[in-house]
Amino acid sequence: MYQNRHLWIRGENMSKILKVRHATIKAFRDHYYDRDYVEVTPPTMVQCQVEGGSTLFKLNYFGQEAYLTQSSQLYLETCIPALGNVYCIAQSYRAESSHTRRHLSEFTHIEGELPFITFEELLDALEDLVCDTAQRIMDSKHGQLVLDINPNFKVPQKPFKRMDYREALQYCKDNNILKEDGTNFEFGDDIPEAPERKMTDMIGVPILLCRFPKAMKSFYMQPDLKEPIVTESVDLLLPNVGEIIGGSMRIYDEAELDAGFKREGISPENYYWYVDQRKYGTTPHGGYGLGLERYLMWLLNSKNVRETCLYPRTADRCKP
C-alpha cells in the first residue's frame, strides 16, 4: 500500500482524506486570523534541540553540525514581544525508531505562542482551538466528507475534562490499567501510548491532562508555583488517538531557565538568542504544538496516522 502510495491516493477514500486535510489547514488558519494571531515562518534547519537530543536528525550544514527542527516553539517565543499571539504551520522531524499507530518521522506541526496569559487561560485556548476548528470544518463544503468517512463524528463541547497527572495515576490504579510488568504507575512514570489511550477511551471525552513532574518534561517548562516539583504543562488527549497536543507555560526568568539547561545537561551556547528573550524583557507566556495528522486521526476515526498524510515518513520508510 505505501510502496504504491502514488497510485493509492487516486482512490475515492484517500482523495476524501486529502480534501479534508486541506479543509482542516484552512480551518486552523481562519481560527488564528479571526483571533488576531500573526503567522510566522520559522527556520527548519537549526542548531538546538527542543524535545531531547536523542530524536534529532543531524545534518552537515556547510561544515557545522545542524539538525532538522523538532519544533518551532523557541523561534515563536522570540516573536511574541514584537507581534503578540503568533502561530506557524510547518514540518517538524523526530528521529524516533517508533512504529506505533500515531508516530511519524516527519509531520505537520501547528504551533502557537501566547503572551500575557495564565495556565488556565492556556487551557481555555486549547479548548477553543479544537472546538472552533472542528466546527469550521463541519460547516464548510467539506463537512459532508468527514461524515462520509466517520459518520459518528460530533464537534466536542466545552469545557473539556481537566485531570492532573496524579489523578490519572489514581484512575489507572482504580481501573486496573497497569505497566507492562503488571505493576501500578507511580509518580514520575511516563504513561505510554496504549495505557494512555485505554484510559482516554474509557473516559470517553477530551481530557486536558495537566501538571506533569518536572523531571519528565523539557527544560523550558514553567514549574507550578504551588508545587514546584510539577510543571504548568498539559497534554490534550482525545478518544481513539490519545495525545494530540502538548503545551505548557514557558519559563520567563533567566536564572530559572539556566537551571533548566543544567538539569538537562544542555549547553546554553547555541541558545544565546533564546536566553536574550529573558534578559531584555519578557512576560508570562505559554504555548503548544498540535500534530495535524493526529488531529485528522481523531476527526476521521482513522486507525493509523499514516492514513492522514500524503507520503508518510516513518522509521522504515522514506519513499516514494
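If you're wondering where the values come from, they're calculated on a predicted model, not measured in any experiment. (Residues numbered from 1 in each chain as written. Predicted model: local features only at pLDDT ≥ 70, side-chain atom pairs only at ≥ 80, totals over all residues. Heavy atoms only, no water.)

(A) Looking closely at the sheet that holds strand β9 (residues 233–238). Taken in spatial order, the eight strands of this open sheet run β1-β5-β6-β11-β10-β9-β8-β7, and their pairing is mixed. Looking at which strands have only one partner, the edges of the open sheet turn out to be β1 (38–39) and β7 (161–164). Alignment of strand β5 (residues 86–93) against strand β6 (residues 106–115), held across eight bridges, turns out to be antiparallel. Across the sheet, Y93 pairs through a bridge with E106, a residue of β6. Against the sheet, helix α3 (residues 73–83) touches β1, β5, β6, β10 (242–250) and β11 (285–291), its axis set at about 35 degrees to β6. (Pairing = 2+ DSSP bridges. Helix = DSSP H or I, 4+ residues; strand = E, 2+ residues; numbered from the N terminus. Contact = heavy atoms within 4.5 Å. Axes fitted to C-alpha atoms, helices over the stretch in contact; angles between N-to-C directions.)

(B) Structural view of the layout of surface pockets. A volume near 1,200 Å³ is recorded for the largest pocket. Along the walls of the largest pocket sit 47 residues, with E51, R94, E96, K217 and E243 positioned nearest its centre. Elements supplying a minimum of two residues to the lining of the largest pocket: β6, α7 (193–203), β9, β10, β11 and α10 (292–300). The greatest single-element share of the lining of the largest pocket, amounting to seven residues, is contributed by β10. Split into classes, the residues belonging to the lining of the largest pocket amount to 17 nonpolar, 15 polar and 15 charged. One number sums up the size of the second largest pocket: a volume of about 270 Å³. Around the second largest pocket, the lining comprises 14 residues; the ones closest to its centre are N152, F153, K154, P239 and W298. In terms of residue class, the lining of the second largest pocket is made up of seven nonpolar, six polar and one charged. (1 Å grid on protein atoms, 1.4 Å probe; cavity = no way out; pocket = protein on both sides within 12 Å on 5 of 7 lines; lining within 4 Å. Points joined across faces, edges and corners; volume = space filled by probe spheres on them. Nonpolar A, V, L, I, M, F, W, Y, C, P; charged D, E, K, R; others polar.)

(C) Representation of the nonpolar core within the structure. With 50 residues, the main nonpolar core has I245, Y288, Y295, W298 and L299 as its most contacted residues. Looking at which element gives the most residues to this core, the answer is helix α4 (residues 119–139), with eleven residues. Discounting residues that sit within four places of it in the chain, W298 has contacts with V130, A134, N150, F153, P156, L238, P239 and V241. Among the nonpolar cores identified, the runner-up in size contains 18 residues, and V46, L56, Y274 and V275 belong to it. (Core = buried A, V, L, I, M, F, W, Y, C linked by side-chain atoms within 4.5 Å. Buried < 20%, exposed > 50% of the residue type's maximum accessible area, 1.4 Å probe, protein only.)

(D) Seen up close, unusual backbone geometry. With an omega of -5 degrees, the peptide bond between K158 and P159 qualifies as cis. In this fold, P159 is placed in the loop between α5 (143–149) and β7. Looking along the chain, the bond that leaves K319 and enters P320 is cis, with omega of -5 degrees. Here P320 shows up in the segment after α10. Even without being glycine, F62 reaches a positive phi, approximately 50 degrees. Residue classification places F62 among the exposed positions, given a relative accessible area of 75%. Positive phi is not limited to glycine here, since N301 has a value of about 55 degrees. Position of N301 among the secondary structure elements: in the segment after α10.

Everything listed here is a matter of coordinates, which is why it stays silent on function.
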